[in-house]
Amino acid sequence: MMDFHKLIDFRNSHPGFTKEMGMVVTEVSKGYAKVEMEITEACGNPIGSVHGGVIFALADTTGGVAATSRGSFVTTVTGNINYLNAAIGTKKLVAEAKEIKAGKNILVYDVAVTDENGRIIADTRMTYYSLHKEVML
């Protein structure tokens, strides 16, 4: 049985890109994850909006955490994103992943990214492949 609190601790303490970007896993349950990120000047683009790559990375991370909640490490297969509103003046982004399919090899998640006021910024569909390597926490 997956210990979701240990998964949150593992993801938040693991060094690397997501930690450097300031992404913090706040909730995990079976097939679900929520990740938050404070926006810094480094996240911006020339028009003063959060860079699309930052938004995509947050969505991918969140979907990956949700997929990992199934007990195996995963790798991204594909992701599709619709940028619905510019994140201009945004102080924080929040992403929530909800499971669409959890197959033996393929796992699919819808991930919504909103700003600190709940305004939708992006809508994504993320697909992962199970590496069949058990998450040992």
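Look up a bit, the structure's there.
For clarity, every value in this text was computed on a predicted model and none was experimentally measured.

Peer 1: In this structure, what is going on with the layout of surface pockets? I would like to understand it.
Peer 2: Sizing a probe to match a water molecule and rolling it over the atoms shows the empty space that remains. In this structure, the largest pocket spans a volume of roughly 330 Å³. If you trace the largest pocket, you find 17 residues lining it, with R11, G64, T68, F73 and V74 closest to the centre. If you list the elements that add at least two residues to the lining of the largest pocket, you get α1 (4–13), α2 (17–21), α3 (52–68), β3 (72–83) and β6 (120–134). When grouped by side-chain class, the residues that make up the lining of the largest pocket number seven nonpolar, eight polar and two charged.

Peer 1: Explain a nonpolar patch on the surface to me, please; I cannot follow it from the model alone.
Peer 2: Together, V77, I106, Y129 and L131 line one region of the surface with nonpolar side chains, adding up to about 330 Å² of accessible area. Residue placement: L131 occurs in strand β6.

Peer 1: Is there a simple way to think about the pattern of salt bridges in this case?
Peer 2: Pairing between side chains becomes possible if they bear opposite charge and their charged atoms approach one another. This model, assessed by the stated rule, comprises five salt bridges. Across the salt bridge formed by K92 and E36, the nearest N and O atoms sit 2.8 Å from each other. With K92 in strand β4 (residues 92–102) and E36 in strand β2 (residues 32–38), this residue pair connects regions lying 56 residues apart in the sequence. Overall, the relative accessible area of 22% leaves K92 in the partly exposed class. A salt bridge links R125 to D110, with the shortest nitrogen-to-oxygen separation between them at 2.6 Å.

Peer 1: When you look at empty space enclosed by the protein in this model, what are you seeing that I'm missing?
Peer 2: In the structure shown here, the tally under the stated rule is one cavity of 30 Å³ or more. In this structure, the largest cavity encloses a volume near 40 Å³. Forming the boundary of the largest cavity are R11, N12, T18, M23, V24, V25, V35 and T61. Put simply, the parts of the chain that give the lining of the largest cavity at least two residues each are α1 and β1 (23–29). The leading source of residues in the lining of the largest cavity is β1, at three residues. Taken together, the residues of the lining of the largest cavity break down into four nonpolar, three polar and one charged.

Peer 1: Can you help me understand the pairing of β4 in this one?
Peer 2: Walk down a regular strand and you will see the side chains alternate between the two sheet faces. In this sheet, β4 lies alongside β2 in antiparallel orientation, the contact comprising seven bridges. Note that in β4 the partner of M37 across the bridge is L93. Here nine bridges tie β4 to strand β5 (residues 106–115), and the two strands are oriented antiparallel to one another. Along β5, the bridge assignment pairs E96 with A112. Taken together, β4 and the strand that follows it, β5, pair antiparallel across an intervening segment of three residues.

The rules behind each value
Residues numbered from 1 in each chain as written. Predicted model: local features only at pLDDT ≥ 70, side-chain atom pairs only at ≥ 80, totals over all residues. Heavy atoms only, no water. 1 Å grid on protein atoms, 1.4 Å probe; cavity = no way out; pocket = protein on both sides within 12 Å on 5 of 7 lines; lining within 4 Å. Points joined across faces, edges and corners; volume = space filled by probe spheres on them. Helix = DSSP H or I, 4+ residues; strand = E, 2+ residues; numbered from the N terminus. Nonpolar A, V, L, I, M, F, W, Y, C, P; charged D, E, K, R; others polar. Patch = residues over 30% accessible without salt bridge, like charges linked within 9 Å, V, L, I, M, F, W, Y side chains within 5 Å. Areas by Shrake-Rupley, 256 points an atom, 1.4 Å probe, with all protein chains shown as cover. Salt bridge = Lys/Arg side-chain N within 4 Å of Asp/Glu carboxyl O. Buried < 20%, exposed > 50% of the residue type's maximum accessible area, 1.4 Å probe, protein only. Pairing = 2+ DSSP bridges.

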